[in-house]
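Structure at a glance
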Amino acid sequence: MAIFRTQSSGETEKIGEMLGKNIKDGSVVAMFGDLGAGKTAFTRGFTRGMGIPCDVSSPTFALVNEYRGDKRTLYHFDMYRISGWDDLYSTGYFDYLDAGGCLIIEWSENIEAILPDDCLRVTITKTENPDERNIEIIGAEFLENTGG
């Protein structure tokens, strides 16, 4: 487990970028945090770290955004509106698990019971300072290589 404290959305992106640089294809990153915590900012950095040049936006209404680079693919899910198995199946989630790319999932609280056991868990929490965030990463083997 690693805990980081960031002072801006840019710093939150940098933590995401560090994880994205060291993530293995096929990994699932489950994100937890309140509305406005910084999950999409973290994902922007994560995508950049994977070497995928694109504009990242929250897939709140699309449910999933696909970002493709020359060599890697990221599937960015938003499970905020998911309230049951039918909703989950309609996202194509289970098909994406076998697609070979990485998955990063906002609002993983809503599907926690079916997250893979080996997923990385990223929890972003606000502090009293409106710009500051605590980021806890559990299950990240990458930390051995980055000194995190």
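If you're wondering where the values come from, they're calculated on a predicted model, not measured in any experiment. (Residues numbered from 1 in each chain as written. Predicted model: local features only at pLDDT ≥ 70, side-chain atom pairs only at ≥ 80, totals over all residues. Heavy atoms only, no water.)

To continue, consider the overall build of the protein chain. Of the regular secondary structure elements, the protein chain holds 5 helices and 7 strands. Beginning at the N terminus, the succession of helices and strands in the protein chain can be written as β-α-β-α-β-β-α-α-β-β-β-α. The C-alpha radius of gyration of the protein chain comes to 14 Å, within 12% of the 15 Å expected for a compact globule of 148 residues. Along the first, second and third principal axes, the C-alpha atoms of the protein chain reach 40 × 35 × 30 Å. Each of the 148 residues in the protein chain was classed as buried or not, and the buried ones make up 51%. Taking the contacts inside the protein chain whose residues are at least 6 apart along the sequence as the reference set, 62% of them involve residues at least 24 apart. On the protein chain, roughly 7700 Å² of surface is accessible, and the fraction owed to carbon and sulfur atoms is 45%. Computed over 14 positive and 24 negative side-chain charges, the separation of the two mean positions in the protein chain equals 6 Å. (Helix = DSSP H or I, 4+ residues; strand = E, 2+ residues; numbered from the N terminus. Rg over C-alpha atoms; globule rule 2.2 N^0.38 Å. Buried < 20%, exposed > 50% of the residue type's maximum accessible area, 1.4 Å probe, protein only. Contact = heavy atoms within 4.5 Å. Areas by Shrake-Rupley, 256 points an atom, 1.4 Å probe, with all protein chains shown as cover. Lys, Arg positive; Asp, Glu negative; His and termini not counted. Charge placed at Lys NZ, Arg CZ, Asp CG, Glu CD.)

On to the sheet that holds strand β3 (residues 64-68). Backbone-to-backbone hydrogen bonds pair the strands of a sheet. The strands run either parallel or antiparallel. Read across the open sheet, the 7 strands follow the order β1-β7-β6-β2-β5-β4-β3; overall the sheet is mixed. Taken across any chain shown, the strands that pair with only one partner, and hence form the sheet edges, are β1 (2-6) and β3. Averaged over all pairs of adjacent strands, the angle between their axes in this sheet comes to 15 degrees, without regard to strand direction. Note: β3 against strand β4 (residues 73-78), 5 bridges, orientation antiparallel. (Pairing = 2+ DSSP bridges. Axes fitted to C-alpha atoms, helices over the stretch in contact; angles between N-to-C directions.)

Our next topic: the environment of Asp-25. Here Asp-25 shows up in the loop between α1 (9-22) and β2 (28-32). With residues near it in sequence (within four places) discarded, Asp-25 still touches Arg-72, Gly-100 and Cys-102. Engagement of the side chain of Asp-25 in a polar contact is seen with the side chain of Arg-72, the distance being 2.9 Å. (Polar contact = N/O pair within 3.5 Å; in protein donor to acceptor, adjacent residues only side chain to side chain.)

Let us now look at the layout of surface pockets. Approximately 260 Å³ is the volume found for the second largest pocket. Among the elements that make up the lining of the second largest pocket, the one with the highest residue count is helix α2 (residues 39-49) (3 residues). Residue composition of the lining of the second largest pocket, grouped by class: 6 nonpolar, 8 polar and 6 charged. (1 Å grid on protein atoms, 1.4 Å probe; cavity = no way out; pocket = protein on both sides within 12 Å on 5 of 7 lines; lining within 4 Å. Points joined across faces, edges and corners; volume = space filled by probe spheres on them. Nonpolar A, V, L, I, M, F, W, Y, C, P; charged D, E, K, R; others polar.)

Our next topic: the side chain of Glu-17. For Glu-17, the location among the structural elements is in helix α1. If we skip the residues at most four places from it in the chain, Glu-17 touches Gly-45, Phe-46, Arg-48 and Gly-49.

So, to be careful, I would describe these as geometric facts and stop short of saying anything about function.
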